[in-house]
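Descriptive structure summary
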Amino acid sequence: PYTRKQLVDKVQEKLDDKRFQHCLRVEKQAMELANENNVDPEKAAIAGLLHDYAKQRSDHDFIKVINDKQMNPVLLDYGNAIWHGVVGAELIKDELHIYDEDILNAVRRHTVGAAYMTKLDQIVYMADYIEPGRDFPGVDKARQITHESLKKGVFFQTQQTLSYLVENAKPIYPGTIATYNAWQNEK
Ligand code: DGI
Ligand code: FE
Ligand code: FE
Ligand code: FE
């Protein structure tokens, strides 16, 4: 297996500096949330570091993986925003030889969440949203809620994202709606 340093180099190689720095901040933020929530900080760190590994791949690369691996064809109706996590996990598996399904699932679920999310999934989903480089209206509220209750953070982010997508007339991936419905108890 690759060492952390080797993984950092692989991530840096595939991303521009801005995106690479974001990955390093998510790694650190995920470790912090893992420690607060009694989750393995090592796994959180790896998943956080790698979560956007595939963010700058071409549509062509993603479409090839979706077809070659016979993934759900509904994916083809969406784009990079959805693919870089759900399909990106396959590139992490194949190129970085990481086969830990806990880590791969956390990457798969980092953008749209899921009806069922492990604590590790929740941590990466929230670390991506509240890492110190994020600056959007409500980010401080998001940070406060998340440190108080990881699950409440998940609902908050999902609600905010869905509102933003509707406000901007963006297509909604069905998984995003499934997450929103499943997390209704966490308000
Ligand atoms: O990759 P990052 O920018 O760090 O963050 P992310 O993976 O959480 O991606 C966030 C983007 O994904 C944000 O611009 C909203 C978009 N997104 C999330 N859910 C959906 C979506 N876009 C569409 N079209 N549909 C969704 O359901
Ligand atoms: Fe992402
Ligand atoms: Fe996110
Ligand atoms: Fe990210």
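Residues numbered from 1 in each chain as written. Chains lettered and ligands numbered in written order. Predicted model: local features only at pLDDT ≥ 70, side-chain atom pairs only at ≥ 80, totals over all residues.

The name recorded for the protein in an unreviewed UniProt entry is bis(5'-nucleosyl)-tetraphosphatase (symmetrical), from Pediococcus parvulus. On record in UniProt, under Catalytic activity (unreviewed entry), the comment for the protein is "P(1),P(4)-bis(5'-adenosyl) tetraphosphate + H2O = 2 ADP + 2 H(+)". (UniProt positions renumbered as here; feature names shortened; annotations may be inferred.)

Moving on: the environment of Lys5. Note on placement: Lys5 falls in helix H1 (residues 4-14). For Lys5, a count of 8 C-beta atoms within 10 Å corresponds to the exposed category. Spatially, the C-alpha atoms of Lys5 and Lys151 are 31 Å apart, while their sequence positions differ by 146 residues. (Helix = DSSP H or I, 4+ residues; strand = E, 2+ residues; numbered from the N terminus. Buried ≥ 20, exposed ≤ 12 C-beta atoms within 10 Å, placed from the backbone.)

In the neighbourhood of ligand 1, 15 residues make up the surrounding shell, with Ala81, Thr111, Lys170, Tyr173 and Thr176 lying closest. The set of elements that each furnish at least two residues to the shell around ligand 1 consists of helix H5 (80-86) and helix H10 (150-167). Per-class residue counts for the shell around ligand 1 are six nonpolar, five polar and four charged. (Near = placed C-beta within 6 Å. Nonpolar A, V, L, I, M, F, W, Y, C, P; charged D, E, K, R; others polar.)

Before going further, it helps to spend a moment on the nonpolar core. Membership of the largest hydrophobic core comes to 46 residues, with the highest contact counts inside it found for Ala30, Ala44, Ala47, Leu50, Ile123, Val124 and Met126. Those elements that provide at least two residues to this core are H1, helix H2 (17-36), helix H3 (41-50), H5, helix H6 (88-96), helix H7 (101-108), helix H8 (119-130) and H10. Residues contacting Leu50, with those up to four places away along its chain left out, are Leu7, Val11, Ile92 and Val107. (Core = buried A, V, L, I, M, F, W, Y, C linked by C-beta atoms within 7 Å. Contact = placed C-beta atoms within 7 Å.)

Glancing now at the environment of Val8. Positionally, Val8 belongs in helix H1. Residue classification places Val8 among the partly exposed residues on the basis of 17 C-beta atoms within 10 Å. Sequence separation of Val8 and Ala182 is 174 residues, and the distance between their C-alpha atoms is 34 Å.

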